[in-house]
Amino acid sequence: ADDPTLAERGQNGTTVEEPEADYETESASAQQPHNLILFGPPGTGKTFALQPYLQDGNASLITFHPSYSYEEFVEGIRPEVLGNQITYRIRKGIFYKACMSAIQLAGYGTLADCLNDTPENRHRRLQKAPAHYLLIDEVNRANVASVFGDLITLLEADKRLGAENELWLTLPYSQERFGVPMNLFVVGTMNTTDRSIALLDIALRRRFSFREMVPDPGVLPIIDGIDLPQLLRTINERIEYLLDRDHQIGHAYLTNVTNQADLCDTFRDRIIPLLQEYFFNDWSKIQLVLGDNPSWGKEPEQRLIWVRKKYTASATTRLFGEIPESVDEIITYEINPHLHRSEYDQLPVETFIRIYQKPTL
């Protein structure tokens, strides 16, 4: 998850690459919510925003995936091979260990020591203790209700150890008493191309605060006469109209672009494949997003997506010997061959300028 090219999942289950963004992020505030999810489209700096927490040292990091379970997160029975014998033991998960780290920052040796203390002492020590952060990347890729299980109630700020209405429970495998300390902060990231907030478990939505991470064109420069901020704004406005705001393109896709050749690489290897993912290879809509539709007025050589062939009735008859039943007018498309073959000197700068600036007739 700390890889600068973190893979984020797309709408139909394939991966969408989120490139590293080279901009600064403010340090985490001590007044932030106990449970926070940073959400937004790919490339908006969600994972990058976790870096300040990691620099402090008091942080644990995990990336959720579809098969992640309660047994891995809290505790579970796992097999071990000793010699030729298989034995089973209870292993603690990262959430349990994060809670242990948090109470140790308050001077407790074990959770039992914390729970055996008086409520007044527990409140005082945990309130003054340094914060420990549990960072969960790709939080919506797992079944969160299943992963947290009965601990979802203990996440509430007023139900934590040291809080006014503190609660604890008995873990199912170890039969230990367990609670979530008030100095543990849970921060997750969520890619909205994978699942919108509305589809999250309602218990999760009620217990977490949500902070939207939106594309920020203002961090982008103008290169070779191409206004990258306006380019990104125009593309995202068209995507929002044709799909929704959850499928916009983040600014991190363009932060490392320094010249037209870099921009060509980015469109060929990242942005156009992302649009194919978003629109399920509906090339007519991809043309609309890039201003390559005929009505926008680009010259043919300036278009990134070309019409390869438009099948008339006579062309269809030559291909099949007849016109197949229930076949509408068929148009096939291709990526500009100069872009595909890395012949970037053959692509005029207007190829990108005309995406956001309508040609004058």
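Residues numbered from 1 in each chain as written. Predicted model: local features only at pLDDT ≥ 70, side-chain atom pairs only at ≥ 80, totals over all residues. Heavy atoms only, no water.

Q: Explain the overall build of the protein chain here, please?
A: Per the secondary structure count, the protein chain includes 13 helices and 15 strands. By residue count, 47% of the 361 residues in the protein chain fall in the buried class. For the protein chain, the proportion of contacts with a sequence separation of at least 24, taken over those separated by at least 6, is 67%. Of the accessible surface of the protein chain, which amounts to about 17600 Å², a share of 48% is contributed by carbon and sulfur atoms. (Helix = DSSP H or I, 4+ residues; strand = E, 2+ residues; numbered from the N terminus. Buried < 20%, exposed > 50% of the residue type's maximum accessible area, 1.4 Å probe, protein only. Contact = heavy atoms within 4.5 Å. Areas by Shrake-Rupley, 256 points an atom, 1.4 Å probe, with all protein chains shown as cover.)

Q: Is there a simple way to explain the confidence of the model for the protein chain in this structure?
A: Reading predicted coordinates in detail is not appropriate for stretches of low pLDDT. When pLDDT is averaged along the protein chain, the result is 87; 89% of the residues meet or exceed 70. Note that pLDDT drops below 50 for residues 1–29; the model gives that stretch 88 contacts with residues more than four away or on any other chain. (pLDDT = per-residue confidence, 0-100.)

Q: Looking at this structure, I do not really get the packing of helix α8 (residues 228–242) against helix α10 (residues 283–290). What am I missing?
A: Any two packed helices are characterised by the angle at which their axes cross and by the distance between the axes. At a minimum axis separation of 8 Å, α8 and α10 run at an interaxial angle of 140 degrees. Taking contact as the criterion, the partners of I235, R238, I239 and L242 in α8 are, on α10, K285, L288, V289 and L290. Residue classes in the contact of α8 with α10 are distributed as six nonpolar, no polar and two charged. (Axes fitted to C-alpha atoms, helices over the stretch in contact; angles between N-to-C directions. Nonpolar A, V, L, I, M, F, W, Y, C, P; charged D, E, K, R; others polar.)

Q: Is there a simple way to think about the environment of E156 in this case?
A: Tracing the sequence through the fold places E156 in the loop between α6 (144–148) and β8 (169–170). Remark: the alpha-carbon pair of E156 and V180, spanning 24 residues in sequence, is separated by 9.1 Å. Sequence-distant contacts of E156, that is, excluding residues within four places in its chain, are made with N35, R206 and R207.

Q: Explanation requested: the sheet that holds strand β10 (residues 184–191) in the structure shown.
A: Strand order in the open sheet formed by five strands is β4-β7-β10-β3-β11, and the pairing between neighbours is parallel. Each of the sheet's edge strands pairs with one partner strand only, and the pair in question is β4 (59–63) and β11 (209–212). Direction aside, the axes of adjacent strands within the sheet are offset by 20 degrees on average. Across the sheet, helix α3 (residues 94–105) touches β4, β7 (132–137) and β10, and the angle it forms with β7 is around 160 degrees. (Pairing = 2+ DSSP bridges.)

Q: Is there a simple way to explain the side chain of R238 in this structure?
A: Structurally, R238 is set in helix α8. Buried within the structure, R238 lacks any salt-bridge partner; its nearest side chain of opposite charge belongs to E237, at an N-O separation of 7.2 Å. At a separation of 2.9 Å, a polar atom in the side chain of R238 contacts the main-chain carbonyl oxygen of I355. Those residues in contact with R238 that lie beyond four places of it in its chain are L288, V289, L290, G291, W296 and I355. (Lys, Arg positive; Asp, Glu negative; His and termini not counted. Salt bridge = Lys/Arg side-chain N within 4 Å of Asp/Glu carboxyl O. Polar contact = N/O pair within 3.5 Å; in protein donor to acceptor, adjacent residues only side chain to side chain.)

Q: Is there a simple way to think about unusual backbone geometry in this case?
A: Glycine aside, negative phi is the norm for most residues, and most peptide bonds take the trans geometry. In the Ramachandran plot, E138 falls in the positive-phi region, its phi being about 60 degrees despite a non-glycine side chain. Structurally, the position occupied by E138 is in the loop between β7 and α6. Residue E138 is classed as buried on the basis of its relative accessible area, which comes to 3%. Phi at S342 takes a positive value of approximately 60 degrees, unusual for a residue other than glycine.

Q: Sorry, what's going on with the packing of helix α9 (residues 260–279) against α10 here?
A: The N-to-C vectors of α9 and α10 enclose an angle of 125 degrees; their axes lie 9 Å apart at closest approach. On the basis of the axis angle, α9 is oblique to α10. Taken as a pair, α9 and α10 cross one another with a handedness that is right-handed. Packed against α9, whose contacting residues are F267, I272, L275, Q276 and F279, the element α10 presents W283, K285, I286, V289 and L290 at the interface. Residue composition of the contact of α9 with α10, by class: eight nonpolar, one polar and one charged. (Parallel < 35°, antiparallel > 145°, perpendicular 65-115°, else oblique. Left-handed = near helix turned anticlockwise from the far one by under 90°.)

Q: I tried to follow the side chain of T193 on my own but got confused; where do I start?
A: Checked against the element boundaries, T193 lands in the loop between β10 and α7 (202–207). Its relative accessible area of 3% is what places T193 among the buried residues. Within the local environment of T193, its side chain forms a polar contact with the side chain of N191, the two groups lying 2.9 Å apart.

Q: Can you walk me through the pairing of strand β3 (residues 35–40) in this structure?
A: Among the six residues in β3, six count as buried, and that is most of the element. Here β3 shows no split at all, with N35, I37 and F39 on one side and L36, L38 and G40 on the other all buried. In this structure, β3 lies alongside β10, joined through six bridges in parallel fashion. In the sheet register, G40 faces β10, and the bridge partner there is N191. Of the strand pairs in this sheet, β3 and β11 are connected by four bridges, and their pairing is parallel. Bridged to I37 within β11 is F210.

Q: What should I look at first to understand α9 in this one?
A: For an α-helix, 3.6 residues make a turn, and residues three or four places apart therefore share a direction. Maximal helix bending in α9 amounts to about 45 degrees, located at F267. The complete set of buried residues in α9 reads Q260, L263, C264, T266, F267, I271, I272, L274, L275, E277, Y278 and F279. (Bend = angle between axes of the 7 residues up to and from the residue.)

Q: Quick question: what am I supposed to make of the nonpolar core here?
A: The tendency in soluble globular proteins is for nonpolar side chains to be buried as a group. Membership of the largest hydrophobic core comes to 45 residues, with the highest contact counts inside it found for F64, F73, F95, I136, F178 and L184. For this core, the element with the highest residue contribution is α3, accounting for eight residues. For L184, the residues in contact, after removing those within four places along its chain, are H34, F95, A98, C99, A102, H132, L134 and R160. Counting residues in hydrophobic clusters, the runner-up holds 35 residues, among them L232, W283, I305 and L347. (Core = buried A, V, L, I, M, F, W, Y, C linked by side-chain atoms within 4.5 Å.)

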